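# Inside the fold
Spelled out from the first residue to the last, the chains are:
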Amino acid sequence: MLIFERSHTGRRNAAQAPHHATIADGIPAALLRQDRPLLPEASEMDVVRHYTRLSQKNFSIDTHFYPLGSCTMKYNPRACNTLAMLPNFLARHPLAPDSTGQGVLACLYDLQEILKDVTGMAGVSLMPMAGAQGEFAGIAMMRAYHDARNDTARTEIIVPDAAHGTNPATAVMCGYTVKEIPTDANGDVDLDALRAATGPQTAGLMLTNPSTLGVFEKRITDIQKIIHDAGGLLYYDGANLNAILGKVKPGDMGFDVIHMNLHKTFSTPHGGGGPGAGAVGVAQRLLPFLPLPVVEKLPSPLAGEGLGERGGATYRYLTEKDMPQSIGHLSAFTGNIGILLRAYVYARMLGAEGMNRVAEFATLNANYLMAELGKAGFTVAFPQRRASHEFIVSMKPLKDATGISAMGVAKRLLDKGFHPPTTYFPMLVPECLLIEPTETESKETLDAFVNAMKEIRDEAHATPELVKGAPYTMPVRRLDDVKAARELDLTWKPTASASAA
Ligand SMILES: *Cc1c(COP(=O)(O)O)cnc(C)c1O
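Heads up: these notes are all about the structure in this document. The structure displayed is predicted, hence computed values, not measured ones.

Turning to the pairing of strand β13 (residues 432–435), a few remarks are in order. Of the two faces of β13, both are covered, the one formed by C432 and L434 as well as the one formed by L433 and I435. Across 4 bridges, strand β11 (residues 391–394) lies against β13 in antiparallel orientation. For F391, the partnering residue across the bridge sits in β13 and is I435. As defined by bridge partners, strand β12 (residues 422–423) adjoins β13 across 2 bridges and the pair is classed as antiparallel. Each residue of the ladder has a partner; that of T422, found in β13, is L434.

Right, let's talk about the packing of aromatic side chains for a bit. For the structure on display, the rule yields 7 aromatic pairs. The interplanar angle of 20° and the centroid separation of 4.6 Å between the aromatic rings of F4 and W492 together place this pair among those described as stacked. With a gap of 488 residues between them, F4 in the segment before α1 (44–57) and W492 in the loop between α16 (481–486) and α17 (496–500) connect regions that are remote in the sequence. Pairing Y236 with F255 gives two aromatic rings, centres 4.8 Å apart and planes at 80°, and the pair type is edge-to-face. Of the two residues, Y236 is situated in strand β5 (residues 233–238) and F255 in the loop between α9 (250–253) and β6 (257–260); the sequence distance between them amounts to 19 residues. With respect to burial, Y236 and F255 carry one shared label: buried. Within the aromatic cluster, the residues linked to one another by ring pairs are F65, F418 and F449. For the cation-ring pair, R143 lies above Y176, with the distance from its terminal atom to the ring centre recorded as 4.6 Å. Positioned above the aromatic ring of F378, the side-chain terminus of R457 is 4.5 Å from the ring centre.

This next bit is on the nonpolar core. Judged by nonpolar contacts, the single largest core of 56 residues is most densely connected at L115, L126, L194, I223, L262 and F266. Not counting residues up to four positions away in its chain, the partners in contact with L115 are V124, L126, M260, L262, F266 and A279.

In this section: the site of the ligand. Surrounding the ligand, one finds 13 residues, the nearest of these being S70, G131, D237, H263 and K264. A132 places a main-chain nitrogen or oxygen 2.8 Å from an oxygen atom of the ligand. Between the ligand and the protein, one listed contact pairs an oxygen atom with a side-chain N or O atom of H263 at 2.8 Å. In the complex, the protein chains occlude 86% of the 390 Å² of accessible area that the ligand would expose alone. Broken down by element, the shell around the ligand gets its largest block of residues, 3 residues, from helix α5 (residues 131–148). Looking at the shell around the ligand, its residues break down into 3 nonpolar, 7 polar and 3 charged.

Bringing the sheet that holds strand β10 (residues 379–380) into the picture now. The strands that make up a sheet pair up through hydrogen bonds in the backbone, lying either parallel or antiparallel. Strands sit in the order β10-β11-β13-β12 across an open sheet of 4 strands; the sheet is antiparallel. Lying at the two open borders of the sheet, with one neighbouring strand each, are β10 and β12. In terms of strand pairing, β10 meets β11 through 2 bridges, oriented antiparallel. Residue pairing in the sheet places V380 in a bridge with V393 of β11. Lying over the sheet, helix α11 (residues 337–375) contacts β10, β11 and β13, oriented at roughly 15° with respect to β11.

What counts, and where the lines are drawn
- Residues numbered from 1 in each chain as written.
- Predicted model: local features only at pLDDT ≥ 70, side-chain atom pairs only at ≥ 80, totals over all residues.
- Heavy atoms only, no water.
- Buried < 20%, exposed > 50% of the residue type's maximum accessible area, 1.4 Å probe, protein only.
- Helix = DSSP H or I, 4+ residues; strand = E, 2+ residues; numbered from the N terminus.
- Pairing = 2+ DSSP bridges.
- Phe/Tyr/Trp six-rings, centres within 6.5 Å; stacked < 30°, edge-to-face > 60°.
- Lys NZ or Arg CZ within 6 Å of the ring centre and 35° of its normal.
- Core = buried A, V, L, I, M, F, W, Y, C linked by side-chain atoms within 4.5 Å.
- Contact = heavy atoms within 4.5 Å.
- Near = heavy atom within 4 Å.
- Polar contact = N/O pair within 3.5 Å; in protein donor to acceptor, adjacent residues only side chain to side chain.
- Areas by Shrake-Rupley, 256 points an atom, 1.4 Å probe, with all protein chains shown as cover.
- Nonpolar A, V, L, I, M, F, W, Y, C, P; charged D, E, K, R; others polar.
- Axes fitted to C-alpha atoms, helices over the stretch in contact; angles between N-to-C directions.

Listed below in structure tokens is the structure:
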């Protein structure tokens, strides 16, 4: 039921303390609307109950294990939220001058430095508002770099077939042709195919490492040599850094540009398409092209004691005047500040040692879960490889034996109290479940998930119809995905009964 359907004409939110504001005073009659806008009219209690009930219908990390591969649906400390929402941060106007925002600029500058350090890059811009926008910024910088050298015959970006869909989409948005290369039986890039695809037409390669198959590309040094020898650049899709934090740096692997999903790895809970922040990092040669604005730190002209914790430094946003070769602004104002502050607090809370532990626990949890599912007889896609932060299990044998697909298992998991893993991505493994337990889950939760998977397998053999009908316990049953995509209808129109109410 929608809040509009709970509406009663004339009902107000403050029945106990009625007050009558007359906002029309002083506004010329010609500018006042003649009829009332169609807004829901409900009491405060009705509104509270309505939205609380809706929130309880949600499947969320706060209520359930949520091992959605490639999405890093981990628990994020409430402290990050609380500090990012301090009134002085919230109240800052985006057009306020740098001089009145030295605190927030100092936080953003430090975050740039932390991300540089974690990734081994020479510079960072925090501006992109999503992973996909970070990719766009990264490939746009590659293009600007080649163009600045009059190296304009490079028309292709190489993308492995395991890549996230945003990678080829980004390359096309930046005006490049996508050259897809296959993955070998071990889950690594097919080096022969890479060599054959690389040439003077290559602008660069987009790579996710660890890949979306959950394995770390061991021959990354060979790969970077093939691309760099051909004059191309390497793009690192760092949407999920959990497995490598504090362990290995994309800069050391030879990458020239990277984006990081701060809303996956650095504390912002996400879902439903936002909000996000896809900071980009670059190697030395791409520094002039970073998207604006970037925060600069100016040391104090005075030397010596008594200058405070930050040594009397001041901070400012760099503009087109400072960086004439920048690819420019990607959005109004200064990025998704709330997300950036959460990431800053999170990074400062963890410190270098804590980041190491994130990587260790993310990897431990993934490998434990992979081993337990393997022991239980499930088909791990790359059993010979150690998992990174995620891994793949194929439901193909179950489907062949019982007719129950990966989707069937996913829907039944909801009845067992688990959000399903990512299904049917990457498409290289048939009937795949991409499972990312994250570092914040306990052994008991992981064991319970293995049990649920075993129960579903037993049900698939004994009573397949039961599994096919799932879910039974959710607010809605199985949805018609095709109808939802083809005939999406998000508008509400008053029916005769609702408007009479
Ligand atoms: C999530 C993700 C992206 C895209 O990030 P958005 O913020 O959703 O645009 C890109 N690549 C990989 C590997 C991802 O997991």
